[in-house]
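Here is what each chain is made of, one letter per residue.
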Amino acid sequence: MLKVVEQHYVEFERALTVKEIRQQVKATTGFEVRRMDSFTLIALATVYGLLKDKQLNGEIGLYGIAQYFSVDLLQKLVVTINDDQDIRPLDFIATVGNAANYYLAKLFKITGPNLFLGDSTNSDIAVKMLVKADLSSNIVRYAIIVRWHDSPDKISCSAQLLTITDKN
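Worth saying up front: this structure is predicted, and the values here are computed from it rather than measured.

## Some words on the overall build of the protein
Scanning the protein for helices and strands turns up 6 helices and 5 strands. Counted from the first residue to the last, the protein has its helices and strands arranged as β-α-α-β-α-α-α-β-α-β-β. Per-residue burial over the protein gives 40% buried out of 168 residues. Considering only residue pairs separated by 6 or more positions, the protein has 71% of its internal contacts joining residues 24 or more positions apart. For the protein, the computed accessible surface area is about 9,500 Å², with 53% contributed by carbon and sulfur atoms.

Have a look at this one:
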């Protein structure tokens, strides 16, 4: 059975600029957060709050769910191409998959499975099945599920730290 060890939620007003969000996240986490978009920044703030003051022993898996990947970086890439400028390699790499999970794994030293799922009707069920399988098989001792939420006036992110109570 899955056990929720901790959960955390962060939200920002959509009216805030990426620079304003970046300043807040850097002040909270102390991380160097240059060249990150709001999608990645809010995830960093959320997982930071989730893991703050936690000493976890064992492998951790990361499982992200969102309706889209990092749109800000993709738009920046399109504008760069449209302006006939050279594309920075890091910007290109960030658009190939989801940069947010990469940065979360890197900054929080998460070395277990790292999956990003598109949101769907059954994404919560699917991710929990994956998490339970990884925990039951001792692939990971802990799992972090990160979910991005989007609304016209807010951007938000929630995270859960899970473990398993038994092997049944």
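Read on for the rest.
## Describing the confidence of the model for the protein
Averaged over all residues, the pLDDT of the protein is 86; the fraction at 70 or higher stands at 85%. For the protein, the element scoring lowest by mean pLDDT is helix α4 (residues 89–96), at 53; strand β1 (residues 2–13) scores highest, at 96.

## With respect to helix α5 (residues 99–107)
Side chains three or four residues apart in an α-helix point the same way, a direct result of the helix having 3.6 residues per turn. Considered for burial, the residues of α5 that qualify are A99, A100, N101, Y103, L104 and A105. Phi for K109, located one or two positions after α5, is positive at around 55°.

## Quick notes on helix α1 (residues 18–29)
Between its terminal C-alpha atoms α1 stretches 16 Å, which fits the 16 Å expected from 12 residues at 1.5 Å a residue. In this fold, the buried residues of α1 make contact with β1, α2 (38–51) and β5 (154–164).

## Digging into the side chain of D37
Note on placement: D37 falls in the loop between α1 and α2. Within the structure, the side chain of D37 is placed 2.8 Å from the side chain of T40, a separation counted as a polar contact.

## Digging into the pairing of strand β4 (residues 142–150)
Among the 9 residues that make up β4, 7 are buried, leaving the element largely enclosed by the rest of the structure. Judged from the 6 bridges that link them, strand β2 (residues 60–66) and β4 form a sheet pairing that is parallel. Residue pairing for β4: G61 is matched across the bridge by A143. As defined by bridge partners, β4 adjoins β5 across 8 bridges and the pair is classed as antiparallel. Bridge pairing links W148 to C157 in β5. What sits between β4 and β5 in their antiparallel hairpin is a turn of 3 residues.

## Some thoughts on unusual backbone geometry
Positive phi, normally seen in glycine, also occurs at D53, with a value near 65°. Looking at the secondary structure, you find D53 in the loop between α2 and β2. Positioned with a positive phi, K109 is a non-glycine residue whose angle comes to about 55°. Looking at the element boundaries, K109 is found in the loop between α5 and β3 (114–118).

## A closer look at the nonpolar core
The biggest cluster of nonpolar side chains holds 34 residues, and the ones touching the most others in it are V25, L104, F108, I144, V146 and W148. Listing elements by their share of this core, those giving two or more residues are β1, α1, α2, β2, α5, β4 and β5. Residue contributions to this core peak at 9 residues, all from α2. Sequence-distant contacts of L104, that is, excluding residues within four places in its chain, are made with A43, L44, V47, L62, K109, I110 and V146. If you look at the next biggest cluster of nonpolar residues, it comprises 10 residues, including Y63, V127, I145 and L162.

Conventions used here
Residues numbered from 1 in each chain as written. Predicted model: local features only at pLDDT ≥ 70, side-chain atom pairs only at ≥ 80, totals over all residues. Heavy atoms only, no water. Helix = DSSP H or I, 4+ residues; strand = E, 2+ residues; numbered from the N terminus. Buried < 20%, exposed > 50% of the residue type's maximum accessible area, 1.4 Å probe, protein only. Contact = heavy atoms within 4.5 Å. Areas by Shrake-Rupley, 256 points an atom, 1.4 Å probe, with all protein chains shown as cover. pLDDT = per-residue confidence, 0-100. Expected span 1.5 Å × (residues − 1). Polar contact = N/O pair within 3.5 Å; in protein donor to acceptor, adjacent residues only side chain to side chain. Pairing = 2+ DSSP bridges. Core = buried A, V, L, I, M, F, W, Y, C linked by side-chain atoms within 4.5 Å.

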